[in-house]
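For reference, the chains in residue letters:
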Amino acid sequence: MAVDAFVENLTIALAAALAGGLIARLARMPVITGYLLAGMVVGPHTPGVLASTAAVEPVARLGIALLMFAVGVHYSLSELRAMWRTAVLGGAIQIGGTIALGLVLGLMFEWGAYGGLFLGCALALSSTAVAMRMLEERGEQGTSHGKVMLGILVVQDLSLVLMVVLLPALASLSSAPQGADGLARAAAHIGVAILRAGLFVAATLVLAERGVPALLHRVALTGSRELFLLTGVCICLGAAVAAEALGLGVEVGAFAAGLVVSETDYAHEMSTQVRPLRDVTASLFFVSIGMLLQPVLLVQEWARVLAVVAAIIVGKSILGFLAAYLLGWHGRVAILTGFGLAQIGEFSFVLTTLGQSRGLVPQVVTDVTLAGALITLLLSPLLYRSALPLYRRMSRSPVLSAWLNRHGRSEQSEPDTGAPTPDVLVFGCGRIGGQVSMALSDHRVPHVAVDYDVAALATPRRHGDLVRTIYGDASSPNVLASAGIAGARVAVVALPDADVSAIVVRAIRRERAGARIVVRAHRDIDIPHLRDAGADTVIHAELEAATGMIREVLGDLGIGGGEAEAYLDEVRRSTGGARTM
């Protein structure tokens, strides 16, 4: 009995995605990299097992639609409003600078102005999935640099909508006949594209206000998970088809549908429901992209590929740094932001697919862009891990340290009133450090609060004259001296970054050997690292929450007092010791 060709090709592509993803995870690389390499292996440009691109493409298109829909659901417009200045201005600096860099490369490569513009747009879009994954693995989503990265990534994702709309229209302008008539027709084409986009946005806003929330509410009342998921998929694909009919592309429609859902009360549930289907079909999308890669052409174009990789790693790192630094963020935040955005990923693949399917750019542009994406995705985790060591090396230079740790107009330390140096220093004034500072103020204990996030310092400043706030990097010897480390009895290190916490602990231990140091830990693996750095007490937040719940449960069962506390102490010791006394 003959096997259906579609099922056979789909099975090959999915098996390749599974194998590539597993290998990538074992090698501690992004799974997207494994999908791309798997697609190249089973693609038409390499010998061996072959999957038909035409057979995989329909499901891959569904995958990119669901991926864009999920991104829209995840990135609520409220997130952009919360970081609007950094997101919009920083994103504009980073995107505009990268597009200019792409134009220069395009002219160097003799691809013309439009080829360079297309390349610059593709290079401007960092990998949201990879960047967020790196932050998640290190527990840095709530840090200042994590918030800056998220804001710029949101603007990048939104800019994809404009790119998908305008790049085909600009292609008609670049290929228009010389003369007034040709330019007029091309300009009219661009105007029509913008008009269609405006109509689509208007319809989207109407649905966001009236149609979609009511529909989701009615479906949710049925209590059927299947119908809720089906409703989300229909909203996604309906908007995608409408946008495609208007010439805007499936991706724009699906993304707009996600933004509409993000403003409803059902966004989190929709994201949860759609995610498994999105992950499976999106893996096929990345496999289909890998099928486009031509290894022979990459060997022939190695110089251009290396130039693109250098532009991404060096150029985007510098542009990301400048985008954050010029907007007043601390030098450490700016360096981490620049290195965290120094790659291109999933939405660059959307653009390359657009350019390939509509014949906007030659095959070589697509291949070089995809190769640059693949290499930078491989290097991205290593590059991000090198950001802090680079910052520390730069901080050893008095000139560079003053530049990196410069204080903005609104970032000055509170004036020293001449009062005695407090016994307690609090480093990090976020959710945990802010609570510690509040407790000290409630008990009338003078203390110093240190953070390089101006917004975080607003919390201890509300506690009045019992707290003195200092803006700066706690790992800097100058900041430690200003905080009065020489006379401190207790230092509370409540920073979210474990590596920086270890640096601060070592610095405190060098300056004040007899101080008691209490540190928070985000992950189990950070506990021995912080112990070795010199911490006296390490508080693992999740473990302490678990022990609190265990204490309550045991107490309800009549097992309390010394027996329960002895058991909890044993739990702490066996799990690495959240507390070391």
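Scroll up to find the structure.
One structure accompanies this document, and this report is about it. If you're wondering where the values come from, they're calculated on a predicted model, not measured in any experiment. (Residues numbered from 1 in each chain as written. Predicted model: local features only at pLDDT ≥ 70, side-chain atom pairs only at ≥ 80, totals over all residues. Heavy atoms only, no water.)

## So, the packing of aromatic side chains
Here is step 1: A complete count under the given rule lists seven aromatic pairs for this structure.
Here is step 2: Between tyrosine 325 and tryptophan 403, the aromatic rings sit 5.0 Å apart at their centres with planes inclined by 45 degrees, giving tilted as the arrangement. Residue tyrosine 325 is located in helix α14 (residues 302-325), and its partner tryptophan 403 is located in helix α19 (residues 398-404); the two are separated by 78 residues in the primary sequence.
Here is step 3: For tryptophan 403, a relative accessible area of 39% translates into the label partly exposed.
Here is step 4: What links up through ring pairs into an aromatic cluster is the set Tyr35, Phe285 and Phe286. (Phe/Tyr/Trp six-rings, centres within 6.5 Å; stacked < 30°, edge-to-face > 60°. Helix = DSSP H or I, 4+ residues; strand = E, 2+ residues; numbered from the N terminus. Buried < 20%, exposed > 50% of the residue type's maximum accessible area, 1.4 Å probe, protein only.)

## Some words on the sheet that holds strand β3 (residues 467-471)
Here is step 1: The parallel open sheet is built from six strands, whose spatial order is β3-β2-β1-β4-β5-β6. Whereas interior strands pair on both sides, the edge strands pair on one side only; in this sheet they are β3 and β6 (537-540). For this sheet, the mean inter-axis angle between neighbouring strands, taken without regard to orientation, is 15 degrees.
Here is step 2: As paired strands, strand β1 (residues 424-427) and strand β2 (residues 447-451) are joined by four bridges and run parallel to one another. In the sheet register, leucine 425 faces β2, and the bridge partner there is valine 448.
Here is step 3: Running over the sheet, helix α25 (residues 541-556) touches β5 (516-521) and β6 and is turned about 70 degrees from β6. (Pairing = 2+ DSSP bridges. Axes fitted to C-alpha atoms, helices over the stretch in contact; angles between N-to-C directions. Contact = heavy atoms within 4.5 Å.)

## Points about helix α20 (residues 431-442)
Here is step 1: With twelve residues, α20 should cover 16 Å at 1.5 Å per step; its first-to-last C-alpha distance of 17 Å lies within 8% of that length.
Here is step 2: Buried within α20 we find Gly433, Gly434, Ser437, Leu440 and Ser441. Buried residues along α20 cover an arc of 125 degrees about the axis, so they all sit on one side. Projecting away from the buried face of α20 at angles above 90 degrees are the exposed residues Arg431, Gln435 and Asp442.
Here is step 3: Phi turns positive, to about 60 degrees, at arginine 444, one or two residues after α20. (Expected span 1.5 Å × (residues − 1). Arc of directions from axis to C-beta.)

## Considering unusual backbone geometry
Here is step 1: In this structure, glutamate 110 is a non-glycine residue whose phi angle is positive, near 65 degrees.
Here is step 2: Mapped onto the elements, glutamate 110 comes out in the loop between α5 (84-108) and α6 (112-124).
Here is step 3: What makes glutamate 110 exposed here is its relative accessible area of 71%.
Here is step 4: Non-glycine residue arginine 444 carries a positive phi angle of around 60 degrees.
Here is step 5: In this fold, arginine 444 is placed in the loop between α20 and β2.

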